[in-house]
Amino acid sequence: MTLHALDFDGTLTTRDTLLLFISHARGRWSLFRGLLLYSPLLVLMKLHLADNGRTKERLFSYFFRGMLERDFEALCTSFAREHTDILRKKGLRTIQQALDDGDSVVVLSASIDRWVRPCLSLFFGQPASSQFAVLGTQIEVVDGRLTGRFATPNCYGAEKVRRLREWLSLSSLPSPLKIIAYGDSRGDKELFDYADERHYKPFR
């Protein structure tokens, strides 16, 4: 049995979806103001002097704290429908071929799972089975509103492996299992170390 574990941003997409989603939801000028406000922290993150997950959470909170969950879900759906062009065709073909062969597919993303999932469901149906799943960063919702906090650690680096192992422990997949990993950045290093086969480049 083979499991294909794929990164999302940069590997399956041509652009980072966090900033693109913020622009979609709040507009370009609002995105620009937010990036300007948080630019010192973002620079520290790029220099590995500030935590990646905490920085992203603060930026996410700035734009979405207090939003109704149903409004956020509607934005995720419209984002997916309006940005199908960012999905790499070769990546989509790789997923489809894996599913056709009876293999399992897991997409692991530091982006919020609520917009990653509809982006992929447009092509493959709702990914929520032992054959196809999306594991991304999850957001906290209280009384129907976004708190601005993450409900899980940022799904990046070692957290990708932890989430994958947790998912495997709950799945009905047989063992032994061959894991093929696809990624394009430092955030996929631990996943590559865990996998049996590695493809370190985005799909072209």
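Note that the structure is a prediction, hence the values are computed from the model and not measured.

Calculation rules
- Per chain, residue numbering runs from 1 following the sequence as it is written.
- Since the coordinates come from a predicted model, pLDDT governs what is reported: local features require at least 70, and pairs of side-chain atoms require 80 or more to be given and counted, while whole-chain, interface and lining totals use all residues.
- Side-chain measures here rest on the full set of heavy atoms in the structure, leaving out hydrogens and waters.
- We count a stretch as a helix when DSSP gives it H or I for four or more residues in a row; a strand needs E for two or more, and each element gets its number in order from the N terminus.
- Here, expected helix span is obtained from the residue count minus one, scaled by 1.5 Å.
- Under the scheme applied here, a residue whose accessible area is under 20% of the maximum for its type counts as buried, over 50% as exposed, and between as partly exposed, the area being computed with a 1.4 Å probe on protein chains only.
- We call two N or O atoms a polar contact when they sit within 3.5 Å, provided that within protein one can donate a hydrogen and the other can accept it, with sequence-adjacent residues counted only if both atoms are side-chain atoms.
- We call two residues in contact when some of their heavy atoms are within 4.5 Å.

1. Topic: unusual backbone geometry
Now for step 1: Its identity is not glycine, yet Asp143 carries a phi of approximately 55°, on the positive side.
Now for step 2: Along the chain, Asp143 turns up in the loop between β4 (139-142) and β5 (145-150).

2. Thoughts on helix α4 (residues 52-64)
Now for step 1: For α4, with 13 residues, the first-to-last C-alpha span of 18 Å sits near the 18 Å given by 1.5 Å per residue.
Now for step 2: When α4 is considered as a whole, its buried residues turn out to be Gly53, Thr55, Lys56, Glu57, Leu59, Phe60, Ser61, Phe63 and Phe64.
Now for step 3: Between a side-chain oxygen at the N-terminus of α4 and the backbone nitrogen of Gly53 the separation is 3.2 Å; the capping residue is Asp51.
Now for step 4: Gly66 sits one or two positions beyond α4 and adopts a positive phi of about 90°.

3. Quick look at the environment of Leu87
Now for step 1: Considering the arrangement of structural elements, one finds Leu87 in the loop between α5 (69-82) and α6 (89-100).
Now for step 2: Take Leu87: its relative accessible area is 5%, and that puts it in the buried class.
Now for step 3: In this structure, the C-alpha to C-alpha distance between Leu87 and Leu18, residues 69 residues apart in sequence, is 14 Å.
Now for step 4: Not counting the four nearest positions on each side in its chain, Leu87 is found in contact with Phe8, Leu12, Thr13, Leu92, Cys119, Leu120 and Phe123.

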